[in-house]
Amino acid sequence: MSLVLLAVGTVLVSIALFNRLPHYVPGRLPAPGAGRAAAAGPLATARRAGTAPRVRLESARLTEQGKALLATLGGSALIVAFFLTLSGL
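Everything numeric here is computed off the predicted structure, so don't read it as measured data.

(A) Representation of the packing of aromatic side chains in the model. Within the structure shown, the criterion is met by 1 aromatic pair. Note on F82 and F83: the rings are 5.4 Å apart at their centroids and 65° apart in plane angle, and the pair reads as edge-to-face.

(B) Layout of the pattern of salt bridges. What the rule picks out here adds up to 2 salt bridges. Ionic pairing is found between E58 and R56, a salt bridge with its closest N-O pair at 3.5 Å. Judged by its relative accessible area of 40%, R56 falls in the partly exposed class. In this structure, K67 engages E64 in a salt bridge whose closest nitrogen and oxygen atoms are separated by 3.8 Å. Placement of the pair is K67 and E64 together in helix 4 (residues 64-87), with a separation of 3 residues, close to one helical turn. Here K67 falls in the partly exposed class, since its relative accessible area comes to 25%. For E64, a relative accessible area of 60% corresponds to the exposed category.

(C) Examining the environment of S2 more closely. Its location among the elements puts S2 in helix 1 (residues 2-18). The buried category is assigned to S2, whose relative accessible area is 15%. Through-space distance from the C-alpha of S2 to that of F82 is 7.4 Å; in sequence the pair is 80 residues apart.

(D) Looking closely at unusual backbone geometry. Despite not being glycine, N19 has its phi angle at roughly 55°, a positive value. Looking at the secondary structure, you find N19 in the loop between helix 1 and strand 1 (20-25). Look at N19 and you get buried, because its relative accessible area is 18%. We note that R61 has phi near 55°; this positive angle belongs to a residue other than glycine. Residue placement: R61 occurs in the loop between strand 2 (54-59) and helix 4. We classify R61 as exposed; its relative accessible area is 73%.

(E) Structural detail: helix 1. With 17 residues, helix 1 extends 24 Å from end C-alpha to end C-alpha; this agrees with the ideal 24 Å at 1.5 Å per step. Listed as buried for helix 1 are S2, L5, G9, I15 and A16. Angularly, the buried residues of helix 1 cover 160° about the axis, an arc narrow enough to put them on a single face. Among the exposed residues of helix 1, those pointing more than 90 degrees away from its buried face are L3, V4 and F18. If you follow the buried residues of helix 1, they end up packed against strand 1 and helix 4. Backbone geometry just after helix 1 places N19 at a positive phi near 55°.

Basis of the calculations
- Residues numbered from 1 in each chain as written.
- Predicted model: local features only at pLDDT ≥ 70, side-chain atom pairs only at ≥ 80, totals over all residues.
- Heavy atoms only, no water.
- Phe/Tyr/Trp six-rings, centres within 6.5 Å; stacked < 30°, edge-to-face > 60°.
- Salt bridge = Lys/Arg side-chain N within 4 Å of Asp/Glu carboxyl O.
- Buried < 20%, exposed > 50% of the residue type's maximum accessible area, 1.4 Å probe, protein only.
- Helix = DSSP H or I, 4+ residues; strand = E, 2+ residues; numbered from the N terminus.
- Expected span 1.5 Å × (residues − 1).
- Arc of directions from axis to C-beta.
- Contact = heavy atoms within 4.5 Å.

Set out below in structure tokens:
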């Protein structure tokens with residue numbers, strides 16, 4: 001239980017501090033004939049590298065009240081996790 005609270009608290013506090021959220025950007029599918037024609041060349045890896053899905057950080061657009069709320073909830077979860085760990089649960 002304390003590990004779950006630790007993870008949740010860390011995520012909430014980091015969102016409040018950095019004002020960023022991860023955003024999944026799906027990759028593009030390669031063209032049907034591009035794999036065979038470009039397989040033997042130095043550009044093959046460059047073309048394949050652009051097709052992989054990525055995770056980018058985008059602005060969370062939090063207000064000051066939102067930052068304060070996330071920091072409070074995340075900090076409280078971290079404190080509860082700390083005391084649960086001390087109590088041995």
